[in-house]
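# Summary of structural features
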Amino acid sequence: MIFYSVNDYFKHRYGRKIVKLSLDGGFTCPNRDGKLDTRGCLFCSDRGSGEYAGIVTDGFYMAETQPILEQMAYQKSLLSDKWRDCGYLGYFQNFSNTYAPLEKLIETYAPVYEDSSVVGLALATRPDCITDEMYPLFKSYMARGEFWLELGLQSIHPQSVSLIRRHYDMALFESVYSRLKAEEIPVVLHIILGLPEETREMMLETVKYVSSLKPFGVKFHMLNVLRGSDLEAYYAKENFKLIEVHEYIDLICDALELLPADITIHRLTGDGPRELLIAPMWIRNKRAVLNGIQREMRRRGTVQGAKSEV
Ligand code: SF4
């Protein structure tokens, strides 16, 4: 095995394919509702940095108005031709899915458990949107099946954190992460590669830092310039250099070598929403990027964790 994908993890734990149902709980986030900012993170589109979630009718995006069970049925219908005999994971990626009072979280996520083909839940959020009272709820989800939280760390470098307007610092991140770790709540950390003004060494420093935390999983993103994000205007003005596909492949292989072998890999590249993507266009060919990563790992004769320092 060249790297430990989340699909390998699922197969090992459940003996079958588990497919994510991209759902939308109708949340917002403090970077958008004015608590910390109104503009959102620099790279975030108005869909809240997630994949397609919910229901699109006649081209109109209706997720927030649709009950979770209807979203689940719709997502399953989209996936049924491709995957038969699989289980599902309720996946809430858009916006900050713990940014609400506890009662609203309980109410939002309860329907997911009404479906016996669902093995659990994954919630993307921010460390500053996790409150003390939520930990028992997370533990209760863990007791019912699969559960993890996803945190958009993106980078450890202050200039990047400030540029992307993440609006929480490393001290806050570390205190929340330590508590989650102490409570044994699985965490998937997101890293963005290709941020403006980050060198290859800086990106690998973020990977080394994440490795030292030994999270449950890691999700890599290539910086996408999406229509409607503030990055679109920044890119037009600064015309900064985006990573080329061969550089990305090389970087991902370095990152995989550094990450301990038992960390699950949730994504190596994404293809982005096609109709919003401005650059880089090579990410549209996800298959070619993934094949390139496999080829380069084989050429090096290496595997995930081969150069892990932890
Ligand atoms: S990336 Fe996440 S935290 Fe940032 S604006 Fe988008 S939804 Fe909010």
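Before reading on, note that the structure itself is shown above.
Notes on the structure follow. Source: prediction; values computed, not measured.

Parameters and conventions
Residues numbered from 1 in each chain as written. Predicted model: local features only at pLDDT ≥ 70, side-chain atom pairs only at ≥ 80, totals over all residues. Helix = DSSP H or I, 4+ residues; strand = E, 2+ residues; numbered from the N terminus. Expected span 1.5 Å × (residues − 1). Buried ≥ 20, exposed ≤ 12 C-beta atoms within 10 Å, placed from the backbone. Arc of directions from axis to C-beta. Contact = placed C-beta atoms within 7 Å. Pairing = 2+ DSSP bridges. Axes fitted to C-alpha atoms, helices over the stretch in contact; angles between N-to-C directions. Parallel < 35°, antiparallel > 145°, perpendicular 65-115°, else oblique. Left-handed = near helix turned anticlockwise from the far one by under 90°. Nonpolar A, V, L, I, M, F, W, Y, C, P; charged D, E, K, R; others polar. Core = buried A, V, L, I, M, F, W, Y, C linked by C-beta atoms within 7 Å.

## What about helix α6 (residues 170-182)?
With 13 residues, α6 should cover 18 Å at 1.5 Å per step; its first-to-last C-alpha distance of 18 Å lies within 8% of that length. Positioned one or two residues after α6, E184 has a phi angle of 60°, which is positive.

## So, helix α2 (residues 68-79)
If you check α2, its first and last C-alpha atoms are 16 Å apart, about what 12 residues at 1.5 Å a residue would give, namely 16 Å. Restricting attention to buried positions, one finds in α2 the residues I68, Q71, M72 and Q75. Considered in projection along α2, the buried side chains sweep an arc of 100° and stay on one side of the axis. Residues of α2 that are buried make contact with β1 (18-23) and α3 (102-109).

## Some details on the sheet that holds strand β7 (residues 187-193)
Pairing is parallel in the open sheet, where 7 strands are placed in the order β1-β4-β5-β6-β7-β8-β10. Looking at the sheet topology across the chains shown, the edges are occupied by β1 and β10 (264-267). Recorded for the sheet is a direction-independent mean angle of 25° between the axes of neighbouring strands. For strand β4 (residues 87-92) and strand β5 (residues 118-125), the ladder comprises 5 bridges, and the chain directions are parallel.

## Focus on the packing of helix α9 (residues 245-258) against helix α10 (residues 286-300)
Closest axis-to-axis distance for the α9/α10 pair is 9 Å, and the angle between their directions is 55°. One element, α9, and the other, α10, form an angle in the oblique class. As α9 packs across α10, the resulting crossing turns out to be right-handed. Contacts from V245, I249, D250, I252, C253 and L256 of α9 reach α10 at V289, G292, I293, E296, M297 and R300. Partitioning the contact of α9 with α10 into residue classes produces 8 nonpolar, 1 polar and 3 charged.

## So, unusual backbone geometry
The peptide bond linking A279 to P280 adopts the cis configuration, its omega dihedral lying at -5°. In this structure, P280 sits in the loop between β11 (277-279) and α10. Although it is not a glycine, D85 adopts a positive phi angle of roughly 60°. Here D85 shows up in the loop between α2 and β4. Assessed through the 7 C-beta atoms surrounding it within 10 Å, D85 is described here as exposed. Although it is not a glycine, R165 adopts a positive phi angle of roughly 60°. For R165, the position within the fold is in the loop between α5 (158-164) and α6. Exposure remark for R165: the 16 C-beta atoms within 10 Å place this residue in the partly exposed category.

## Quick look at the packing of helix α7 (residues 200-213) against α9
α9 packs onto α7 with a crossing angle of 25° between their chain directions and a minimal axis gap of 9 Å. Of the possible angle classes, the one that applies to α7 and α9 is roughly parallel. The way α7 lies across α9 gives a crossing that is right-handed. Facing R200, M203, L204, V207, K208 and S211 of α7, the residues of α9 in contact are L251, D254, A255 and L258. Taken together, the residues that form the contact of α7 with α9 break down as 6 nonpolar, 1 polar and 3 charged.

## A closer look at the nonpolar core
Formed by 68 residues in total, the largest nonpolar core has its most connected members in V187, L189, I191, L193, V218 and I252. If one sorts the elements of this core by residue count, α9 sits on top with 7 residues. Among residues more than four places away in sequence, those in contact with L193 are M203, F220, M222, L223, I243, Y248 and L251. Formed by 6 residues, the second largest nonpolar core is a distinct cluster that contains C29, F95, Y99 and I130.

## With respect to the environment of I156
On the secondary structure map, I156 appears in the loop between β6 (146-154) and α5. Once you skip the residues sitting within four places of it in the chain, I156 turns out to touch M170, E205, T206 and Y209.

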